[in-house]
Amino acid sequence: MTALTRWIRRNLVVIAGLGTLAYLILPNVVVLVFSFNKPNGRFNYQWQRFSTDAWTDPCGVADLCGSLSLSLKIAVWATIGATVLGTMIAFALARYRFRARPAVNSLIFLPMAMPEVVMAASLATLFLNMGVDFGFWTILIAHIMFCLSFVVTAVKARVMSMDPRLEQAAQDLYASPAQTFVRVTLPIAAPGIAAGALLSFALSFDDFIITNFNAGSTVTFPMFVWGSAQRGTPVQINVIGTAMFAVAVLCVLVGQLAGARRKRS
Amino acid sequence: MATVTPDAPPADAPVQQAPVRRTAVRKRLVPYWLLLPGILWLLVFFAAPLVYQASTSVQTGSLEEGFKVTWHLQTYGDALSEYYPQFLRSVLYAATATVLCLLLGYPLAYLIAFRAGRWRNLLMVLVIAPFFTSFLIRTLAWKTILSDGGPVVGALGSLHVLDVTGYLEITAGQRVLATPLAVVCGLTYNFLPFMILPLYTSLERIDGRLHEAAGDLYARPVTTFRKVTFPLSMPGVVAGTLLTFIPASGDYINAELLGSTDQKMIGNVIQSQFLRVLDYPTAAALSFILMAAILAMVTVYIRKSGTEDLV
Amino acid sequence: MTQPSSGGDVRLDRISKTYGSFTAVHPLDLHIPAGSFFALLGASGCGKTTTLRMIAGLEEPTTGTVRLAGKDITDLPPYKRPVNTVFQSYALFPHLDVYENVAFGLRRRGVTSVKKRVEEMLELVQLGDFARRRPQRLSGGQQQRVAVARALINHPQVLLLDEPLGALDLKLRRQMQLELGRIQAEVGITFVHVTHDQEEAMTMADTVAVMNGGRVEQLGAPADLYENPGTTFVANFLGTSNLIEAEITDKSGGDLVLTTAGGRLALPAGRCSAPVRTGGKLLVGVRPEKITLSHAEDAGTVPEGRNRISGRIAESSFLGVSTQYVVTAPGCPEFAVYEQNIERDPRLVPGAEVVLHWNPAHTFGLDAAQNIDAGTERDEEAV
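Bear in mind that the values here come from a model prediction, so they are computed numbers and not experimental data.

Take the overall build of chain C next. Looking only at helices and strands, chain C features 8 helices and 20 strands. If you line up chain C on its principal axes, its C-alpha atoms span 80 × 45 × 35 Å. Going through the 383 residues of chain C one by one, you find that 44% of them count as buried. Long-range contacts, defined here as pairs at least 24 residues apart, represent 68% of the contacts in chain C between residues at least 6 apart.

What follows deals with the overall build of chain B. Helix and strand counts for chain B stand at 13 helices and 2 strands. Each of the 311 residues in chain B was classed as buried or not, and the buried ones make up 40%. Intrachain contacts of chain B at a sequence separation of at least 6 include 68% that bridge at least 24 residues.

Looking now at the nonpolar core. A general feature of soluble globular proteins is that nonpolar side chains tend to end up buried together. The biggest cluster of nonpolar side chains holds 251 residues, and the ones touching the most others in it are I89 of chain A together with V192 of chain C. For this core, the element with the highest residue contribution is helix 7 (residues 180-204) of chain B, accounting for 15 residues. Those residues in contact with I89 of chain A that sit more than four places away from it in its chain are I108 and V152 of chain A together with L34, L35, G38 and I39 of chain B.

Bringing the interface of chain A and chain C into the picture now. Of the residues lining the interface, 15 residues belong to chain A; the matching set on chain C comes to 17 residues. Elements represented by at least two residues in the side of chain A that touches chain C include exactly helix 8 (164-172) and helix 9 (177-206) of chain A. Per-element tally for the side of chain A that touches chain C: the top contributor is helix 8 of chain A, with 6 residues. A breakdown of the residues in the side of chain A that touches chain C according to their chemical character gives 8 nonpolar, 4 polar and 3 charged.

Here we take up the sheet that holds strand 13 (residues 263-268) of chain C. The strands making up a sheet associate through hydrogen bonds between their backbones, and the pairing can be parallel or antiparallel. All names here are of chain C. Spatially, the 5 strands line up as an open sheet ordered 13-12-11-14-20, and their pairing is antiparallel. Each of the sheet's edge strands pairs with one partner strand only, and the pair in question is strand 13 and strand 20 (364-367). Taken over all neighbouring pairs, the strand axes of this sheet differ in orientation by 45° on average, direction set aside. Pairing of strand 14 (residues 281-286) with strand 20 involves 4 bridges; the strand directions are antiparallel. Directly across from L283, in strand 20, lies its bridge partner L366.

Where helix 6 (residues 116-130) of chain A meets helix 12 (residues 266-277) of chain B, the closest approach of the two axes is 10 Å, and the angle between their N-to-C directions is 15°. The pairing of helix 6 of chain A with helix 12 of chain B is recorded here as roughly parallel in orientation. As helix 6 of chain A runs across helix 12 of chain B, the sense of the crossing is left-handed. Here V117, A121 and A124 of chain A of helix 6 of chain A come into contact with helix 12 of chain B, specifically with G267, I270, Q271 and F274 of chain B. A per-class count over the contact of helix 6 of chain A with helix 12 of chain B returns 5 nonpolar, 2 polar and no charged.

Time to look at the interface of chain B and chain A. In many reports, interface size means the accessible area that the parts give up when they come together. In this assembly, 69 residues from chain B lie in contact with 67 residues from chain A. Top contributing element to the side of chain B that touches chain A by residue count: helix 1 (residues 22-57) of chain B, with 18 residues. Of the residues contributing to the side of chain B that touches chain A, the split by class is 52 nonpolar, 14 polar and 3 charged.

In this section: the sheet that holds strand 15 (residues 292-295) of chain C. Residues and elements named next belong to chain C. In spatial order, the strands read 15-19-16-17-18; together these 5 strands make up an open sheet with antiparallel pairing. Across the chains shown, the open sheet's two edge strands, defined by having one partner strand only, are strand 15 and strand 18 (332-340). Averaged over all pairs of adjacent strands, the angle between strand axes in this sheet comes to 45°, irrespective of strand direction. Relative to strand 19 (residues 353-358), strand 15 runs antiparallel, the two being bridged by 4 bridges. Bridge pairing in strand 19 places S294 opposite V355.

Segmentation of chain C into domains returns domain 1 (10-227) and domain 2 (240-380). Centre-to-centre separation of domain 1 of chain C and domain 2 of chain C, based on C-alpha positions: 38 Å.

All names here are of chain B. Remark: helix 2 (residues 74-115) packs on helix 7, axes separated minimally by 6 Å, with the N-to-C direction vectors making an angle of 45°. By the angle between their directions, the pair helix 2 and helix 7 is classed as oblique. Viewed along their axes, helix 2 and helix 7 form a crossing whose handedness is right-handed. Counted by class, the contact of helix 2 with helix 7 contains 23 nonpolar, 3 polar and 1 charged residues.

Along the chain, E304 of chain C falls in the loop between strand 15 and strand 16 (307-318). Counting along the chain gives 137 residues from E304 of chain C to A167 of chain C, while the straight-line C-alpha distance between them is 49 Å.

In this structure, L278 of chain B is a non-glycine residue whose phi angle is positive, near 60°. Mapped onto the elements, L278 of chain B comes out in the loop between helix 12 and helix 13 (280-305). By C-beta crowding, L278 of chain B is classed as partly exposed, having 13 other C-beta atoms within 10 Å. Notably, S89 of chain C is not glycine yet its phi reads approximately 55°, a positive angle. Tracing the backbone through its elements, the reader meets S89 of chain C in the loop between strand 6 (83-86) and helix 2 (98-108).

It is worth spelling out the confidence of the model for chain C at this point. The share of residues in chain C with pLDDT of 70 or more is 97%, and the mean pLDDT across the chain is 89. Note on residues 378-383 of chain C: pLDDT is under 50 here. Beyond four places in sequence and across chains, it has 8 contacts.

Below, the discussion takes up the pairing of strand 11 (residues 242-252) of chain C. Residues and elements named next belong to chain C. In this sheet, strand 14 lies alongside strand 11 in antiparallel orientation, the contact comprising 6 bridges. When the bridges of strand 14 are listed, I244 appears paired with V284. In this sheet, strand 12 (residues 255-260) lies alongside strand 11 in antiparallel orientation, the contact comprising 5 bridges. Among the inter-strand pairings, S252 is bridged to a residue of strand 12, identified as D255. Count of turn residues in the strand 11/strand 12 antiparallel hairpin: 2 residues, of which G253 carries a positive phi of about 65°.

All names here are of chain A. The terminal C-alpha atoms of helix 2 (residues 12-34), which comprises 23 residues, lie 33 Å apart, in line with the 33 Å expected from a rise of 1.5 Å per residue. Of all the bends found along helix 2, the most pronounced is centred on I25 and spans about 35°, while P27, a proline, follows it within four residues. Looking at helix 2, one finds that the buried residues are G17, T20, L24, P27, N28, V30, V31 and F34.

A few words now on the environment of V152 of chain B. All names here are of chain B. Mapped onto the elements, V152 comes out in helix 5 (residues 151-158). On the basis of neighbour counts, which here come to 14 C-beta atoms within 10 Å, the residue V152 falls in the partly exposed class. In this structure, the C-alpha to C-alpha distance between V152 and V176, residues 24 residues apart in sequence, is 9.3 Å. Apart from the residues within four sequence positions on either side, V152 is in contact with I145 and L146.

Caution applies to low-pLDDT parts of the model: their predicted coordinates are not meant to be read in detail. Residue and element names in this part refer to chain B. For chain B, mean pLDDT is 85; residues scoring 70 or higher make up 88% of the total. Here strand 2 (residues 66-69) stands out as the least confident element of chain B, with mean pLDDT 72; helix 7 is the most confident, with 94. In the predicted structure, residues 1-21 sits below a pLDDT of 50 and forms 26 contacts with residues beyond four places in sequence or in another chain.

The rules behind the values
- Residues numbered from 1 in each chain as written.
- Chains lettered and ligands numbered in written order.
- Predicted model: local features only at pLDDT ≥ 70, side-chain atom pairs only at ≥ 80, totals over all residues.
- Helix = DSSP H or I, 4+ residues; strand = E, 2+ residues; numbered from the N terminus.
- Buried ≥ 20, exposed ≤ 12 C-beta atoms within 10 Å, placed from the backbone.
- Contact = placed C-beta atoms within 7 Å.
- Core = buried A, V, L, I, M, F, W, Y, C linked by C-beta atoms within 7 Å.
- Nonpolar A, V, L, I, M, F, W, Y, C, P; charged D, E, K, R; others polar.
- Pairing = 2+ DSSP bridges.
- Axes fitted to C-alpha atoms, helices over the stretch in contact; angles between N-to-C directions.
- Parallel < 35°, antiparallel > 145°, perpendicular 65-115°, else oblique.
- Left-handed = near helix turned anticlockwise from the far one by under 90°.
- Domains from an automatic or database assignment.
- pLDDT = per-residue confidence, 0-100.
- Expected span 1.5 Å × (residues − 1).
- Bend = angle between axes of the 7 residues up to and from the residue.

Here it is, written out as C-alpha cells:
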C-alpha cells in the first residue's frame, strides 16, 4: 500500500497532466463517435444508433460544403496577405533602428491584447458608416488585420535570433543584396514565416466572432455551425470536424518523420 | 615593407571630408517602406475603427434617422447601470477560467517539458491538434458530454457533487448545462491550449540541471518547484494568463451555447445590441468600457508581475 | 589548388571610422604587401575588426580610401570585391550542406562547373567525406576548415580572417595555426588576420600590427616587436616585460648609463625609443626569460659587464619546462623571472636573497610619459 502511494506521489504530475490531456481530447472523441450517429431529431446530441450515412455523403446538407470552401478560400488569402505584410513589418522591426519603433511595437501588440468582440464591433461600425457592403471582402480585410500581429511576432523572433554575420558572409561571397535575401535570409527565416502562416491559417479558418460581425449574410463554416446550433446540427459537421483533425495530425506526423529522417542523414 | 604613419597626414593630401552618401539616405528609408503597407492596414482597419467606435458611443439617433455626434455621455451611464451584472459576470467567469486553466495546464506543460522523453512530440501534437476541429464543433460536443441524464451528470449526481455545487449556486438541480459551471467549463476548455503553449515554452527553456542543483542544495522536490521552477516559468505564466483572460472576458460563444439567459456575458450583450437591436451607440459604449477595463487590468497586472519586457 | 592565384597588396590611406562621437579607428595609413601574412593584434575594442571589415566592405569608412592592387575599392560593395572573409564563429549557412556552403561563392559569380573545384577544395581541407553534412553536425575544427575552404575557393586576392581560431580549444588551435600557415604558403594569397592572441599572431604572421585604442601602436616582424617594443602597451601585451623607472645619468660609448632604485644599469642607445637627454626619465625594460637568477651567496661569480639587481624571491611556481619566480626588488615589487629547468639550484626558494643579472643588450628603453601598466589586462578576454 505504501509502495502504491509512493508511486502515486512520485507520478502525481504525470497523472494530473494526463488528466488535463484527457479533458482536452474528450470533445474530439465525442465529435468522432457522434459522426457515426443517426439521430432521431434535428439535433445530434444524443446517441441513437450506428450509421455511416454522414461519412458517405458529407456534402448532403445544404450550404455546408459551400461554407467550407468559402472558409478555406478566405483562410488561404488571409494567410497570404497577413504573411506578406507581417513578414515585412517583422524584418523592419528586427533589422532596423528607427524613431517610430516603439509606436509600431505597440500597434502590433494591441490587437493581441484586445478582446475580439471589441475589434469586431468597431471594424463593423466603420464599414457601416462608410456604407461598405458586408461579404467576402470585409471578412478578408478583418482576417488579415487580426492575423498580422501573430505573423509579426513569429517572424520577428526568428529573424532576431539569426546571426547577422550570415548575411555578411553571403555578401562577402559575391551575393548581391537581392541574392542574399533569396538565398540566405529567406531560407533561414522560413521556419518563422511558416509558423506565422500556419497560425494565420488556423486563426482565420476557425474565426467566428470577428466574422460574425463583418460577414453580413455571407456564411463561412464556423458561421454555418453557429447557425446549425440554433436550427439543428447535422451529423456532417462532425464528419468535417473529424476529417480536419485527422488531416492535421497526419500533416504533423509526416512533417515530424521527414524532419527526423533529415536529421539522421 | 609595411609602413605606418598614424595621425600625420601627407603634406599635400587634401583633408578628407566624409561625404554624405545618397545610398545612406535611401537606406534609412528602407524600414519605412517595409512597414508602410502592414502598418497602414492596421491603422485603417484596427486603430481608425477604435476612434470611430469612440465617436459612435457619444452619438444619438436611430437607424432610420441616422446617427449624430451629440456628446451624449449618458449612453455610458445607462450602459453601465443596465449591464453591470454582465460586466461583473464576464470578469468573474474569465478569471475563474484563467485560474482553472493555470491549475490544469501547468501539470501538462510540466509533464511535456520534463517527463515526456520521447513522447514529447506526440503530446505536443495532441495539445495542438484539437485546434483544427472548429472550436464551435468542439463546444457543441460539450453539450453532449454534459447533457441531462448523460453519464457525466449521472456520476456527479450519484457522488452528491451536484448537491454541493447546487448549494453554491453554480449548478441548478440535476442539471449542468445552462448553469455557470457549464459556461466556465467551456471557457476553460476553449482557452486551455493558450495557457499550455506559453507555459511549455518557458518551462522548456529551464536547464534540467537546475533541478539537480536545487536538490543538491538540500531543496525537497516541492521546495525546488516553489523556489526554482515556478519563478523561472513566470514569463510563461504571465503570457498564458493574459492569452486566456483577455479572449475569455469578451467571449460570447460559451455563454450562448452552454449557458442560459442567466449566464449571459458582456460579449453577448455587445453582440445582440449590435447585430439584433442595432443600437450602435450602446454597443460602442459597452465595447469601449470593456476595452478600457481590460487594458487597465492588463497594465496593472504586467506592472505587478514585473515582466514589462514581455511586450 | 588548381590555378595559382596571386595576392594583391592592400593600401589604406587615412582610413578612419567613427560611430557618433566614438572613434573606433583613428585616421590610419597601412600598407599590406602582396603575398604577406599580416596580423592585426589587439585587445577587444581596439579597432582591429573594424579595420578588417572596412577592407571587406562590410563597414563604410568615415574617411579615407581602401586600395587593392592599386585600384580604389572604397565604394565597391562587399559582393564586388575580390576579397573573402573567414568570419568569427565561421557564419556557415545552416540551411546548406558543406558542399553547397563551399560552392556558394562560385555559384553567385555564375561559374557553371563547380563540382570538380568544390571536390578538390574539400580534399585540400580534408573534408571530402563530409560534403553532404550540415555544418551544425561538424566539430569546431571541421567547421573552421569549411569556412576557410568556402573563402579560398574563390581565389580572392586577399583573405581576411576574423579571429578564425577563437572558438577552438588550445591543441586544435595550434594545429590549425600550422595548417593555415601551410595553406598560405601554398596559395600565395595575401592573408590579413585579426586576433587578440599574441602567440597566435607571432607564430603565424610575418608582419604584426599591434593596435590599441583605434591606433596602430607598432608594426614589424614578430621578433622585432618582441625584442624591441616601442611602447609600454606593446611591451606588456606581447609577452611579459619587467619595467623599471630610471633616470639617464651618463652616456659612455654606445651605452646609456641609468640610475634606478635598484642600482646602475646599462642600455644600448640604439635600443631606446624615447628621446635621450641626460637627467631625463626613462622606463627600462627586460623580458623575464633573459634574466639569470643567482643566489646571493654566489654574487661574486656574476661576470662583469652584466646588468644586475638584488632582490628576494617572493613566489616560485614549477611549470615543468621552466620555473617562474616573482622577485621583490627595489623599484620593481614584482619582477618576473623565467628560468629553464636545466640545473635547478635547491636554494632558490621563496625568501631566498638573490641577484638578477642579464646581458645589457637585452635591455630596452621606453618613454616614461606612458602608463606603465598599459596592455597588462589582456588576460581578462584571452581564451
